[in-house]
Amino acid sequence: QVQLVESGGGLVQAGGSLRLSCVASGRTFYAMGWFRQAPGKEREFVAAITWSEGSTYYANSVKGRFTISRDNAKNTVYLQMSSLKPEDTAVYYCAANVYYTSSYHLGPYDYWGQGTQVTVSS
């Protein structure tokens, strides 16, 4: 049974940092991604990483501020978020893709976590 368990969300002031974690279990994956959804908005891509090579991809809105990484030994993907802005406030979701893809977002994604809330105060 596949499980993706996120943690690390919380409340932070603008300019601060947070690190999200996603522990994956149940099978191997080609890629992992982070998405977010703010109230009243559609879910949007944030960042993605290939599990074996560690190739990374970012949305323009977070490039230079967020860093995605993985620890193969711990089956964990991280999203280090720095210089946070109020517009980064959202529920952040971890996602996993089983099969190879050439899409920029490394999707479509087959499995999703339950989400973790990130709130950035001004």
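Residues numbered from 1 in each chain as written. Predicted model: local features only at pLDDT ≥ 70, side-chain atom pairs only at ≥ 80, totals over all residues. Heavy atoms only, no water.

(A) Broad picture of the side chain of Arg-36. Structurally, the position occupied by Arg-36 is in strand E4 (residues 31-37). Here Glu-44 takes part through its side chain, which lies 2.6 Å from a polar atom of the side chain of Arg-36. In this structure the side chain of Arg-36 is engaged in a polar contact, spanning 2.9 Å, whose partner is the side chain of Tyr-92. (Helix = DSSP H or I, 4+ residues; strand = E, 2+ residues; numbered from the N terminus. Polar contact = N/O pair within 3.5 Å; in protein donor to acceptor, adjacent residues only side chain to side chain.)

(B) Spotlight on the state of the cysteines. Scanning the entire structure with this criterion turns up 1 disulfide. The disulfide bridge from Cys-22 ends at Cys-94, spanning 2.0 Å between sulfur atoms. Across the S-S bond linking Cys-22 and Cys-94, the dihedral sits near -75°, which makes this disulfide left-handed. In this pair, Cys-22 sits in strand E3 (residues 18-25) while Cys-94 sits in strand E9 (residues 90-97), placing the two residues 72 residues apart along the sequence. Summarising the burial analysis for this pair, Cys-22 and Cys-94 share the class buried. (Disulfide = S-S within 2.5 Å. Buried < 20%, exposed > 50% of the residue type's maximum accessible area, 1.4 Å probe, protein only.)

(C) Structural detail: unusual backbone geometry. Of note, the bond from Gly-107 into Pro-108 is cis; its omega dihedral lies within 30 degrees of zero at 10°. Backbone geometry places Asn-75, a non-glycine residue, at a positive phi of 55°. By the element assignment, Asn-75 lies in the loop between strand E7 (66-71) and strand E8 (76-81). We note that Ser-83 has phi near 50°; this positive angle belongs to a residue other than glycine. Looking at where Ser-83 falls in the secondary structure, it is placed in the loop between E8 and E9. What makes Ser-83 partly exposed here is its relative accessible area of 43%.

(D) Just the environment of Gly-16, in detail. Within the secondary structure, Gly-16 sits in the loop between strand E2 (10-13) and E3. For the pair Gly-16 and Val-91, spaced 75 residues apart in sequence, the C-alpha to C-alpha distance is 17 Å.

(E) Region of interest: the sheet that holds E3. Read across the open sheet, the 4 strands follow the order E1-E3-E8-E7; overall the sheet is antiparallel. The open sheet terminates on both sides in strands that have one partner only, identified here as strand E1 (3-7) and E7. Averaged over all pairs of adjacent strands, the angle between strand axes in this sheet comes to 15°, irrespective of strand direction. Summarising the sheet, E1 and E3 pair through 5 bridges and their orientation is antiparallel. When the sheet's bridge partners are listed, Gln-3 is paired in E3 with Ser-25. (Pairing = 2+ DSSP bridges. Axes fitted to C-alpha atoms, helices over the stretch in contact; angles between N-to-C directions.)

(F) Up close: the packing of aromatic side chains. Per the counting criterion, the structure on display carries 8 aromatic pairs. With a centroid separation of 5.4 Å and an interplanar angle of 80°, the aromatic rings of Tyr-57 and Tyr-104 are classed as edge-to-face. Linking Tyr-57 in strand E6 (residues 56-58) with Tyr-104 in the loop between E9 and strand E10 (111-112), this pair joins segments that are 47 residues apart in sequence. On the basis of relative accessibility, which here comes to 25%, the residue Tyr-57 falls in the partly exposed class. (Phe/Tyr/Trp six-rings, centres within 6.5 Å; stacked < 30°, edge-to-face > 60°.)

(G) Broad picture of the side chain of Thr-116. The topology assignment puts Thr-116 in strand E11 (residues 116-121). Take Thr-116: its relative accessible area is 11%, and that puts it in the buried class. Residues in contact with Thr-116, not counting those within four places in the same chain, are Glu-6, Ser-7, Gly-8, Gly-9, Leu-20, Ala-90, Val-91 and Tyr-92. (Contact = heavy atoms within 4.5 Å.)

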